[in-house]
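Descriptive analysis of the structure
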Amino acid sequence: MGKRHTVQEILVRAFYGGALLLLGWFFLAAIGSMWGRGGAPWQQAWFLALAPLLLGAAWLARRFEGHVTDKALGWAAVGAFAALLLAQLAVAWLLPVEPSWDFGAVYVSAREYVEGVGISTYLHYFERFQNNTGLLVWEILLFKALRLLGAASPQADLWAGMLMNIAVIDAAILFALLFCRRVWGNGRALLLLLLCLLFTPYILYAPIFYTDSMSMLFVTLPLYLLSLYKGQEKPWARLGLGAATGVLLAFGTKVKGSVAVLLVALVLYALFNLSWKRLLGLLLAVLIPFGAFTVFFDWQVR
């Protein structure tokens, strides 16, 4: 047991060290790029202040880690999500988009399928690049639901996609917050909430319901379910949590293939944190539904 924990500690420290070096390189590259293209002074000042601001926020979260109550975190979350939602709706209203590039290929194809003309305009796209099928199916189901409610206009489809995107982004942040709170406590969950508010793509991506944001939920929700799995003693409950995780990851990989990296993280987590019995139980509970759903999805799409 001691050796296993030593190896785990070395791997964790190596990961954090590598992540710090990578983020530092990105930060310096961003500053160099901004100076090279003559960014506005306020932009340069913001980038220079960003690192100490984040480090200061991390220090405060650590300093007051035991002093952030559930009630305080709850009120902070309510305020943060209300502000985030208002900002997202404002961006969706003021900066509507006309879907193009890959984003447009999926959107137009979903509307064509629902209108009964079949996928024609971008058929070559899906024949050559057999990706984005998960998002295509998702949008088809959404637009079909709109038709059942009597809404069949392009504007209704566009707004439905944007609202769905906002809901997915906010739900992903919520489950990330719950996961962080469960694993590391209220202080670090509050820090995560602050970082999410500072991360402008969560606001500016509101009108763009494409895989970059639509896949977020299939990362944070499985992580939260796995955190529940670890503390669950009932076999049937563990089986249900594992199966739900497997299905979510399977569909998530159809929305964006890089979601599959969570399977690697799952194996590493189980290898270093669970007994062999729990390890095999978790992997079987997740991987069997993952494989079954993948085969079923591919068969249906063909």
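Refer to the structure above for everything that follows.
Residues numbered from 1 in each chain as written. Predicted model: local features only at pLDDT ≥ 70, side-chain atom pairs only at ≥ 80, totals over all residues. Heavy atoms only, no water.

What about the pattern of salt bridges?
Tallying each qualifying case throughout the model produces six salt bridges. The partner of Asp70 in a salt bridge is Arg181, with the nearest N and O atoms 3.2 Å apart. Taken as a pair, Asp70 in helix H3 (residues 70–94) and Arg181 in helix H7 (residues 154–184) lie far apart in primary sequence, 111 residues in all. Of the residues examined, Arg181 reaches a relative accessible area of 36% and is grouped as partly exposed. Between Arg111 and Glu115 there is a salt bridge, with the nearest N and O atoms lying 3.9 Å from each other. In this pair, Arg111 and Glu115 both sit in helix H4 (residues 101–115), four residues apart, roughly one turn of the helix. We classify Arg111 as buried; its relative accessible area is 17%. Each of Arg111, Glu115, Arg147 and Asp157 takes part in salt bridges that share partners, so that together they form one network. (Salt bridge = Lys/Arg side-chain N within 4 Å of Asp/Glu carboxyl O. Helix = DSSP H or I, 4+ residues; strand = E, 2+ residues; numbered from the N terminus. Buried < 20%, exposed > 50% of the residue type's maximum accessible area, 1.4 Å probe, protein only.)

What to know about the packing of aromatic side chains
On inspection of all chains with the given rule, the structure shows 17 aromatic pairs. Note on Tyr107 and Phe209: the rings are 5.9 Å apart at their centroids and 70 degrees apart in plane angle, and the pair reads as edge-to-face. You can see Tyr107 sitting in helix H4 and its partner Phe209 sitting in the loop between helix H9 (201–204) and helix H10 (211–214), a full 102 residues away along the chain. Here Tyr107 matches Phe209 in class, with each residue buried. Ring plane angle 65 degrees and centroid distance 5.5 Å describe the contact between Phe218 and Phe251, whose orientation is recorded as edge-to-face. (Phe/Tyr/Trp six-rings, centres within 6.5 Å; stacked < 30°, edge-to-face > 60°.)

Some thoughts on a nonpolar patch on the surface
A grouping of Val261, Val264, Leu268, Leu271 and Trp276 is seen on the molecular surface, where their side chains present a nonpolar patch of about 510 Å² in accessible area. Broken down by element, the residue count for the nonpolar patch peaks at four residues, all from helix H13 (residues 261–273). The topology assignment puts Leu268 in helix H13. (Patch = residues over 30% accessible without salt bridge, like charges linked within 9 Å, V, L, I, M, F, W, Y side chains within 5 Å. Areas by Shrake-Rupley, 256 points an atom, 1.4 Å probe, with all protein chains shown as cover.)

Examining the side chain of Asp170
For Asp170, the position within the fold is in helix H7. Comment: no salt bridge for buried Asp170; closest opposite-charge side chain is Lys256, at 18 Å. Contact partners of Asp170, with chain neighbours within four places excluded, come to Phe81, Leu84, Leu85 and Gln88. (Lys, Arg positive; Asp, Glu negative; His and termini not counted. Contact = heavy atoms within 4.5 Å.)

Focus on empty space enclosed by the protein
Gaps between atoms show up when a probe of the same size as a water molecule is rolled over them. In total, this model carries one cavity of 30 Å³ or more according to the counting rule given. What lines the largest cavity is simply Ala80, Phe81, Leu84, Ile173, Leu193, Cys196 and Leu197. Elements with a contribution of two residues or more to the lining of the largest cavity: H3 and helix H8 (186–198). Here the lining of the largest cavity is built from residues that sort into seven nonpolar, no polar and no charged. (1 Å grid on protein atoms, 1.4 Å probe; cavity = no way out; pocket = protein on both sides within 12 Å on 5 of 7 lines; lining within 4 Å. Points joined across faces, edges and corners; volume = space filled by probe spheres on them. Nonpolar A, V, L, I, M, F, W, Y, C, P; charged D, E, K, R; others polar.)

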